[in-house]
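Results of the structural survey
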Amino acid sequence: MHYATKSRLLSATALIAAGLISTTAFAQEATIAFASGELGATSYNPVTSSNLNSATSLIYDRLVEQDADQSYHPHLATSWEESADGMSWTFKLKEGVTFHDGTEFNAQSVADWIPDFADTENAFLVAAIDAVEVVDNLTVKFVMSRPEPNLLYNLASSFMGIPGAAAYDEMGDNFGVTGAVGTGPFKLDRFDIGLETVLVRNDDYAWASDLSENQGAAHLAQVTFREIPDQSTAFLELKTGGVDILLGVPTDFLQILKAESNVAVIQMPGTGINYMPINVTAPPFDDIKVRQATGLAINQEAIVASIYNGVGAPAHNFLISSLPEADVDPALDVRHDLDKANALLKDAGWIMDSDGVRVKDGTRLSVKLFTQNGTEFTSLTQVVQAQLADIGMEAIITVFDSSTIRDEYKENRHQLAVRGYDWNNSDILDWFFSGKRLGYPNVSMWTDAEGQRLNDVAMEESKNSEERIANFKAYHEYILSQHLFVPIYQPTTNIAYNTNKVNVPDPIRGTRFRAQTVLDITVAE
Amino acid sequence: MLWRYIFFRVLMLIPVSFSISVVIFMIVHLLPGDPIDNLIRVGSSPDDRAALITKYGLDQPLAIQYLRWIGAMFQGDFGEAIVLRRPVADLIAQNLPYSLALGGLAFAFSSIVGIILGTISATTRSKIVEQFMRGFILLGSTVPGFWLALLMILFFAVQLQWFPVSGAGGWSALVLPVLTIGFGGVALVARVTRVALLDVKREDFVMLLHAKGLPSYKILFGHLMPHALLPVVTILALRIGWILGGAVTVEFVFGRPGLGSLLIRALGQRDYPVVQGCLLMLALAVMLGTLIGDVAQAAMDPRIREAKT
């Protein structure tokens, strides 16, 4: 959207005039820099995009919201009911909600929106929904083709922000680029791809979720999201007031930020794990004892203390701690135990040689350790290398770019790798360990009849969320028993802000920094 | 005569562009990795992946894929980005103005300042000025752009607060990036100008002009410069292509969009149509630059146009 010069001049004049009249009033504005992981979005169309950023959640509301403890909260849906067989879901919708173009949000809006996903890359989100029935103006029913206990998780995702049907059809491919219509607390004012997104307050907003204190329109009249790829530049912008809030601050920047008197840092529990997959098809890792010993060599607590200054948490299994499926039999958690690791290797026939590297039948215990470029993994991989040396395993590091390393996995040229994922749902187990995805994402190259059976049960036969949790927990425990990877670290999500400019609620509600937090942000007096 | 020369040179661009398009296409497709992995997300099924490969025609033989791409290009269709989900032409059109503004200004700045500094250093008799110029040229050609960019930000934006740290809001945001890129260019242009002027100064006809009692400034502007500017024009023309794509690191540090940044992002995600589109644009710009350089030289020096036609 581009203003004509005339209106620009007019608004500039208006701004100056306003400034002359009341010089004491603070501009109710905030500038937010995106995290580096969410740069490069080319559209705010939640239905068709493959990459959405934080600003999306300010334009569109979702039926349900998810909190940091993974619980679900009503939003545009005030309540919901799943049938006993899991074959239908009925949602009661909030009354009095309107889209930015003034049209009413009701059951028909949902019925118009779900079919839009057909033939898009996001179709999997609604794959289990067979039909959407309008029961009455504010009641909508999803008829399912199979039970989908993960439906609420999908509905809470940014990709399921609800667009206004009329505008969506009218704008076509330009929806989300030149304009966007949702029911969210902010309206899209201007989107300069790769540079910035300007959002203005939706003054009619009165339907926030219970994750926000503020149930009315936002305190901020305008929010500008900026794309700043270089972390040092983003930090300098925060320091000089060019940016008020910095999303996704790297952990190694925290010390510098804390030294600034006008900067406060909020740490949110992260939504991912850094870990080391083990290729079970590449000797010596075809021997489960060697795999187990590799896991026991890694000292997660020492890594958190030395590399991350105690920020974040050690990971002892494959899922983030807030997921119920992470609560496995403690005996299966992977914990540092050098003696046991050394005993296992000896048992497997690997004898310590004079140069500190184990040998078996004339073969040295020397393995390839891959990682991808980017500061995130560099020092972590080096510490892992040092810890592996303690059990007599020589690890040789090779660094690849993120696209090339996937080819290495697919060609089965890897042994160990240091990598990370960001996902707060247990179906990540299917993603990384399903026998149908060998190479990548199944970097462990693991196929196993029992594993696949447990995967199928968890993915397809869970009728409701309790069953799903139990099934995924069983699958998770079986995966742990096979020693396919070494869990290392659970990073935090760090948000920094200028205390002279804004007040940001701490702790932040929700799984990520989103609309529910922005609603509560006030300008500092 | 000059028109015939231009016509001949433009005609040559057709086979050259064609060969370049083949090279670009092959290099991009032979890189390890593919765009689909950057498109699918957790929750999608293995079948979705296969369907996407078919949808984007990535399962077709490379020759077929190439013909489809080049065929569409002939109709002015750059194709649709796979990962970035927008028409490639739109993406280029969005980024091009930023590149042109930054690259164009940096080009103008480095040309003008470079020629002036080069001239001063070639004509001065002051040892101090000459030493200073040598130091400046050495520094300018060796200091890495990203480091200079950070220094510029720290001094002019953080300490003095004269300019914004980053972004592309208005003219003030252009100053530091233009100076950063221009700095290296100034050094290069100054060096070439200096060497060329010194060469010409040694020619016999210059001694004759001095002997005739012509004032120094008349010799400089009327006789030395026209000769010395030939190599300078060549260097400048070659840098025209660099205007579009040469600012990647500086764009990164200053948080500016641009063709270079688009290319790097698309390359990281193996978004083939975008990478191909950007590379072809850059190649065309370089070819255009060379063409302009050759034509300018031919216009300035009749010997060239006669030798080449």
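Residues numbered from 1 in each chain as written. Chains lettered and ligands numbered in written order. Predicted model: local features only at pLDDT ≥ 70, side-chain atom pairs only at ≥ 80, totals over all residues. Heavy atoms only, no water.

1. Overview of the overall build of chain B
Secondary structure summary: chain B contains 14 helices and 0 strands in total. Expressed as lengths along the three principal axes of its C-alpha atoms, the size of chain B is roughly 85 × 55 × 30 Å. In chain B, buried positions account for 45% of the 309 residues. Long-range contacts, defined as pairs at least 24 residues apart, comprise 74% of the intrachain contacts of chain B with a sequence gap of at least 6. Accessible surface, chain B as shown: approximately 15,200 Å² in total, 71% of it carbon and sulfur. (Helix = DSSP H or I, 4+ residues; strand = E, 2+ residues; numbered from the N terminus. Buried < 20%, exposed > 50% of the residue type's maximum accessible area, 1.4 Å probe, protein only. Contact = heavy atoms within 4.5 Å. Areas by Shrake-Rupley, 256 points an atom, 1.4 Å probe, with all protein chains shown as cover.)

2. Side note on unusual backbone geometry
All names here are of chain A. In this structure, P284 follows P283 across a cis peptide bond, with omega equal to 5°. Between Y440 and P441 the backbone carries a cis peptide bond, its omega angle lying at 0°. Despite not being glycine, N309 shows a phi value in the positive range, around 55°. Structurally, N309 is set in the loop between α9 (300-306) and β14 (313-314). Here H483, not a glycine, exhibits a phi torsion of approximately 50°, which is positive.

3. Some remarks on the pattern of salt bridges
Considering all chains together, one arrives at 30 salt bridges over all chains under this definition. Taking the shortest distance from any N to any O, the salt bridge between E121(A) and R85(B) comes out at 3.0 Å. Of this pair, E121(A) sits in the loop between α3 (107-113) and β6 (129-136) while R85(B) sits in the loop between α3 (62-74) and α4 (88-123), each in a different chain. (Salt bridge = Lys/Arg side-chain N within 4 Å of Asp/Glu carboxyl O.)

4. Observations concerning the UniProt feature "domain: Solute-binding protein family" (unreviewed entry) in chain A
According to UniProt, the positions carrying the feature "domain: Solute-binding protein family" (unreviewed entry) are residues 72-427 of chain A. End C-alpha to end C-alpha, residues 72-427 of chain A measures 17 Å, and it is 24% helix and 26% strand. (UniProt positions renumbered as here; feature names shortened; annotations may be inferred.)

5. With respect to the UniProt feature "transmembrane region" (unreviewed entry) in chain B
Mapped onto this numbering, the UniProt entry gives "transmembrane region" (unreviewed entry) at residues 7-31, 100-124, 136-158, 170-192, 228-254 and 274-296 of chain B. Between the C-alpha atoms that bound residues 170-192 of chain B the distance is 33 Å, and the span itself is 91% helix and 0% strand.

6. Considering the sheet that holds strand β9 (residues 196-201) of chain A
All names here are of chain A. Strand order across the open sheet formed by 7 strands is β8-β9-β10-β1-β11-β22-β12, with mixed pairing between neighbours. The sheet is open, and its two edges are formed by β8 (186-192) and β12 (263-269), each paired on a single side. By the bridge criterion, 6 bridges tie β8 to β9 in an arrangement that is antiparallel. By the bridge assignment for β9, L188 is matched with L199. (Pairing = 2+ DSSP bridges.)

7. Comments concerning empty space enclosed by the protein
Throughout the structure, instances matching the rule amount to 6 cavities of 30 Å³ or more. The computed volume of the largest cavity comes to approximately 50 Å³. Its residues placed into classes, the lining of the largest cavity shows 3 nonpolar, 6 polar and 1 charged. (1 Å grid on protein atoms, 1.4 Å probe; cavity = no way out; pocket = protein on both sides within 12 Å on 5 of 7 lines; lining within 4 Å. Points joined across faces, edges and corners; volume = space filled by probe spheres on them. Nonpolar A, V, L, I, M, F, W, Y, C, P; charged D, E, K, R; others polar.)

8. Details of the sheet that holds strand β4 (residues 77-82) of chain A
All names here are of chain A. Strand order in the open sheet formed by 4 strands is β4-β5-β7-β6, and the pairing between neighbours is antiparallel. One side of each edge strand has no neighbouring strand; the edge strands of this open sheet are β4 and β6. On average, adjacent strands in this sheet sit at an angle of 20° to one another, irrespective of strand direction. Pairing of β4 with strand β5 (residues 88-93) involves 5 bridges; the strand directions are antiparallel. If you follow W80 over to β5, its bridge partner there is F91. (Axes fitted to C-alpha atoms, helices over the stretch in contact; angles between N-to-C directions.)

9. Focus: the interface of chain B and chain A
In this complex, chain B contributes 43 residues to the contact, which on the side of chain A involves 44 residues. Interface area, chain B with chain A, both sides summed: about 3,500 Å², of which 55% is carbon and sulfur. Within the residue set of the side of chain B that touches chain A, elements represented by two or more residues are α2 (46-55), α4, α6 (145-159), α11 (248-254) and α12 (259-268) of chain B. The residue makeup of the side of chain B that touches chain A, split by class, is 21 nonpolar, 12 polar and 10 charged. (Buried area = accessible area lost by both parts, 1.4 Å probe.)

10. Details of a nonpolar patch on the surface
Residues and elements named next belong to chain B. Judged by side-chain polarity, F18, V22, M26 and L30 come together as a nonpolar surface patch covering roughly 350 Å² of accessible area. Its place among the elements puts F18 in helix α1 (residues 2-30). Relative accessible area serves as the criterion here: at 45%, F18 is assigned to the partly exposed category. (Patch = residues over 30% accessible without salt bridge, like charges linked within 9 Å, V, L, I, M, F, W, Y side chains within 5 Å.)

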